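Secondary and tertiary structure notes
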Amino acid sequence: MAKAIEFVADNLNFSAAITKVDRDKVYGFIELNVKDDLGKPCNLGSMLDDGKTLVLNGSTALKTVDNKYNELDKKQLKVVYQNGEDAILIPSSFDGEVKLSEASFDDLFNLEITSVYQLDFEDASALKSTSDYLADGKLLRFIFNYRADYEGADAILITNDEGVFALTGRIIEFPFLDNKLSLPVDSIFEETLEDEEMDFGML
Amino acid sequence: MKKWILECYKKTTMSRKINIADNKGRNAEVVFRSFTKKPLIKTVTQEGEESQTVRVLKSVANNSYDCLLKEKGSDDGIVESLINSDPEFNPLWTGYFISETSKVYINSDLKPVFKIQKTEAIFLPDGTLKEERTPKETIANILAEYPVKSAGKFLPKKDIYNKFVFSKKYQLSHNNGLTFDFLFEMAKELQEKDAMIMLAGGVKGNEPLVFQDGGKTYRAFLEGRIRGNSYILLIHLSNLELKGISK
């Protein structure tokens, strides 16, 4: 079995490997074929701003430079938060235990999902006990990092008839919107008619 | 620290409009917005100077393997040329910082083409070719003559929460007092029923949503919450059911 993640909750400990689920694996995929008017196959490339120089895919590279465009050695750089404080490296979920906490339906519906993983259990009893724990709408939340980096992803464990899944992405705190545009007025028409003489001259 | 991290996650928003109808047949054009995340981190030198990432040109088409193979006739010819000179290197362009380029189709002769024919090959999950066809054109239908509306019944959240993958979210927003009432009532009804409704577009009100011409098609679900006199109304987009994959 592939490397497993050790999940730990209050009344539930289990380990499972993960397999990414995407549309290609569920529904299939589409390949676009492009040919010129002579039937020759074509590929997408780029044209530089001189209007004539062509660049094929794979012909560019990313470089890290300073504000004078001198190349910098990445090993000499450090990662900081936007306020300048040193950033903390979040370990990979495959290294050490991953703590699970309860999540709400709002957490799930606030989660903008970027990846879906199916959990693969070594034995059927572990799958069953985890599925039973997550039955009836129970959700568990954790921080997911495939590799160690500085920004972990929000993730939620969920189950259905097809298995146990980890949905990863980011939880967005949507603001409640209120109507700040108008003030409540009870009897605007009566007050206007009684208090003011209507000027039809309008000069 | 925590407050500062929350500030970094404060959203920058992009707003567009959607023509949406409620269950009473009333419709309005309202704003919808997505939430893009600001970067949490940056890389700096030891002195604290910010670094930036730029795209650099390695070679142009005339220096590519395909072009050299045409010129030299064989890999051995290319090897000989590489030993004796630098055919992969263009003194004018190698190392050039690229900002904007134009996408163009290039044929096997490494020439740009302007008249193309497109076909799509549809493959099953196991890689088997299912069919070939002319690509389908998608036309945006969120701001069309026929408003986006409910495609059917209310779907209890407890029944569908684990059926679909909601990959993209848009928040609907009012732009005046009337649309505030309109959206608030929709959110209130959805919260009271603890349900979502599937949205659809088109003349018959049964088409998936397309947000821009040539864009992907999505199934859309409307979800509402209220708190006092304020509301949240979200469109959740999905193009994937939560299904297991066999190995």
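Each chain has its residues counted from 1, running along the sequence as written. The naming scheme follows written order: chains are lettered A onward, ligands numbered 1 onward. Where totals are concerned, whole chains, interfaces and linings use all residues; where local detail is concerned, this predicted model gives features only for residues with pLDDT of at least 70, and gives and counts side-chain atom pairs only at 80 or more. The side-chain quantities take in all heavy atoms of the structure and omit both hydrogens and water.

Quick word on the overall build of chain B
Assigned secondary structure in chain B consists of five helices and 15 strands. Over its C-alpha trace chain B gives a radius of gyration of 26 Å, far above what one expects of a compact globule, namely 18 Å for 247 residues. For the C-alpha atoms alone, the extent of chain B along its principal axes is close to 80 × 60 × 40 Å. Note on classification: 1.4 Å probe, protein chains only; a residue is buried when its accessible area is under 20% of the maximum for its type, exposed when over 50%, partly exposed between these limits. Considering chain B as a whole, with its 247 residues, one finds that 41% of them fall into the buried category. Here, residues are in contact when the closest pair of their heavy atoms is within 4.5 Å. Sequence-distant contacts, at least 24 apart, represent 64% of the contacts inside chain B between residues at least 6 apart. Each charge sign in chain B was given a centre, from 39 positive and 31 negative side chains, and these centres are 9 Å apart. We count a stretch as a helix when DSSP gives it H or I for four or more residues in a row; a strand needs E for two or more, and each element gets its number in order from the N terminus. In this description the radius of gyration comes from C-alpha coordinates, and the expected globular size is given by 2.2 Å times residues to the power 0.38. A positive count includes Lys and Arg, and a negative count includes Asp and Glu. His and the chain ends are not counted in either. Charge coordinates come from a single atom per side chain, which is NZ of Lys, CZ of Arg, CG of Asp or CD of Glu.

Here we look at the overall build of chain A
Each helix and strand in chain A was counted, giving four helices and 14 strands. The C-alpha atoms of chain A give a radius of gyration of 29 Å, which is well past the 17 Å a tight globule of 203 residues would have. C-alpha extents for chain A along the principal axes are approximately 85 × 65 × 50 Å. In chain A, which comprises 203 residues, the share counted as buried stands at 40%. For chain A, the share of sequence-separated contacts (at least 6 apart) that also reach a separation of at least 24 residues comes to 63%. Accessible area of chain A: about 12,500 Å², with a carbon and sulfur share of 49%. In chain A, which carries 19 positive and 40 negative side-chain charges, the distance between the mean positions of the two groups comes to 16 Å. Note on areas: Shrake-Rupley with a 1.4 Å probe; residue coverage comes only from the protein chains shown.

Regarding the sheet that holds strand β6 (residues 60–65) of chain A
If you trace the three strands from one edge of the open sheet to the other, you get β6(A)-β4(B)-β5(B), paired in antiparallel fashion. Two strands close off the open sheet at either side, each with one partner strand: β6 of chain A together with β5 (97–98) of chain B. Two strands pair if DSSP finds at least two bridges between them. The pairing of strand β4 (residues 52–57) of chain B with β5(B) spans two bridges and is classified as antiparallel. The residue bridging B:Arg55 from the neighbouring strand is B:Ile98, located in β5(B).

A short note on the interface of chain B and chain A
Where the parts come together, the accessible area they lose is often given as the size of the interface. Counting residues at the interface gives 99 residues for chain B, matched by 89 residues for chain A. Note on definitions: buried area is the accessible-area loss of two parts on being combined, 1.4 Å probe, summed for both. The junction of chain B with chain A conceals about 8,900 Å² of combined surface from both sides, 61% of it contributed by carbon and sulfur atoms. For the chain B face of the interface with chain A, the top three residues by lost area are B:Tyr161, B:Leu242 and B:Ile245, together amounting to 8%. Any Lys or Arg side-chain nitrogen located within 4 Å of an Asp or Glu carboxyl oxygen qualifies as a salt bridge. At the surface where chain B touches chain A, the tally comes to three salt bridges. Put simply, A:Glu151 and B:Lys37 hold a salt bridge, and the shortest N to O gap is 2.7 Å. A 3.5 Å cut-off defines polar contacts: any pair of N or O atoms within that distance qualifies, except that in protein one atom must be a possible hydrogen donor and the other a possible acceptor, and neighbouring residues in sequence count only when both atoms are side-chain atoms. Counting the contacts that link chain B with chain A gives 44 residue pairs in polar contact (both at pLDDT 80 or more). Sort the elements by how many residues they give to the side of chain B that touches chain A and strand β8 (residues 116–123) of chain B lands first, with eight residues. Across six bridges, β6(A) lies against β4(B) in antiparallel orientation. Across the sheet, the residue bridging to A:Val65 is B:Gln52, located in β4(B).

Topic: the packing of helix α2 (residues 65–72) of chain B against helix α3 (residues 75–84) of chain B
Residue and element names in this part refer to chain B. Fitted lines through C-alpha atoms give the axes, limited to the stretch in contact for helices. The angle between two N-to-C directions lies from 0 to 180 degrees. Where α2 contacts α3, the axes come no closer than 8 Å and their chain directions differ by 105 degrees. As far as their axial angle goes, α3 and α2 are roughly perpendicular. Contact residues: α2 offers Tyr65, Leu68, Leu69 and Lys72, while α3 offers Asp75, Gly77, Ile78 and Ser81. Amino acid classes used here: Ala, Val, Leu, Ile, Met, Phe, Trp, Tyr, Cys and Pro are nonpolar; Asp, Glu, Lys and Arg are charged; the rest, including Gly, are polar. A per-class count over the contact of α2 with α3 returns four nonpolar, two polar and two charged. For classification purposes, angles smaller than 35 degrees are called roughly parallel, those larger than 145 roughly antiparallel, those between 65 and 115 roughly perpendicular, and all remaining angles oblique.

Concerning the confidence of the model for chain A
Close inspection of predicted coordinates is inappropriate for parts of the model with low pLDDT. When pLDDT is averaged along chain A, the result is 89; 90% of the residues meet or exceed 70. Predicted confidence is poor over residues 187–194 of chain A, with pLDDT under 50, and the contacts of this stretch with residues over four places away or in other chains come to one contact. Scored from 0 to 100, pLDDT records how confident the predictor is in each individual residue.

As for the sheet that holds β8(B)
Strand pairing in a sheet is mediated by backbone hydrogen bonds. Such pairs are either parallel or antiparallel. In space, the three strands of this open sheet follow the order β3(A)-β8(B)-β9(B), with antiparallel pairing throughout. In this open sheet, the two strands that pair with only one neighbour each are β3 (29–36) of chain A together with β9 (129–133) of chain B. Looking at each pair of strands side by side, their axes are set apart by 25 degrees on average, direction ignored. Across eight bridges, the pairing between β3(A) and β8(B) is antiparallel. Residue pairing in the sheet places A:Glu31 in a bridge with B:Ala121 of β8(B).

Concerning the state of the cysteines
By definition, disulfides here are pairs of cysteine sulfur atoms that lie within 2.5 Å. Considering all chains together, one arrives at zero disulfides over all chains under this definition. A:Cys42 provides the cysteine sulfur closest to B:Cys67, a residue in no disulfide bond, and the two sulfurs are 16 Å apart.

A word on unusual backbone geometry
At A:Tyr69, a position not held by glycine, the phi torsion is positive, near 65 degrees. Inspection of the secondary structure puts A:Tyr69 in the loop between β6 and β7 (78–81). Of note, B:Asp194 is a non-glycine position whose phi angle comes to about 50 degrees, a positive value. Mapped onto the fold, B:Asp194 is located in the loop between α5 (177–193) and β12 (195–200). By relative accessible area, which is 43% here, B:Asp194 ends up partly exposed.

Observations regarding the environment of B:Glu137
Summarising the element assignment, B:Glu137 is placed in the loop between β9 and β10 (149–156). With 54 residues separating them in the primary sequence, B:Glu137 and B:Gln191 have C-alpha atoms 36 Å apart.

Details of the nonpolar core
If you look at the biggest cluster of nonpolar residues, it comprises 28 residues, and the most contacted ones within it are B:Leu172, B:Leu222, B:Leu233 and B:Ile235. Elements that contribute at least two residues to this core include exactly β1 (12–21), β2 (27–36), β11 (168–173), α5, β12, β14 (217–227) and β15 (230–238) of chain B. Setting aside residues up to four positions removed in sequence, B:Leu233 forms contacts with B:Tyr170, B:Gln171, B:Leu172, B:Leu183, B:Met186, B:Ala187, B:Leu190, B:Leu222, B:Glu223 and B:Gly224. Nonpolar cores are built from buried Ala, Val, Leu, Ile, Met, Phe, Trp, Tyr and Cys residues. Side-chain atoms within 4.5 Å join them into one set. The next biggest cluster of nonpolar side chains, apart from the first, holds 23 residues, and it includes A:Ala103, A:Ile113, B:Tyr161 and B:Ile245.

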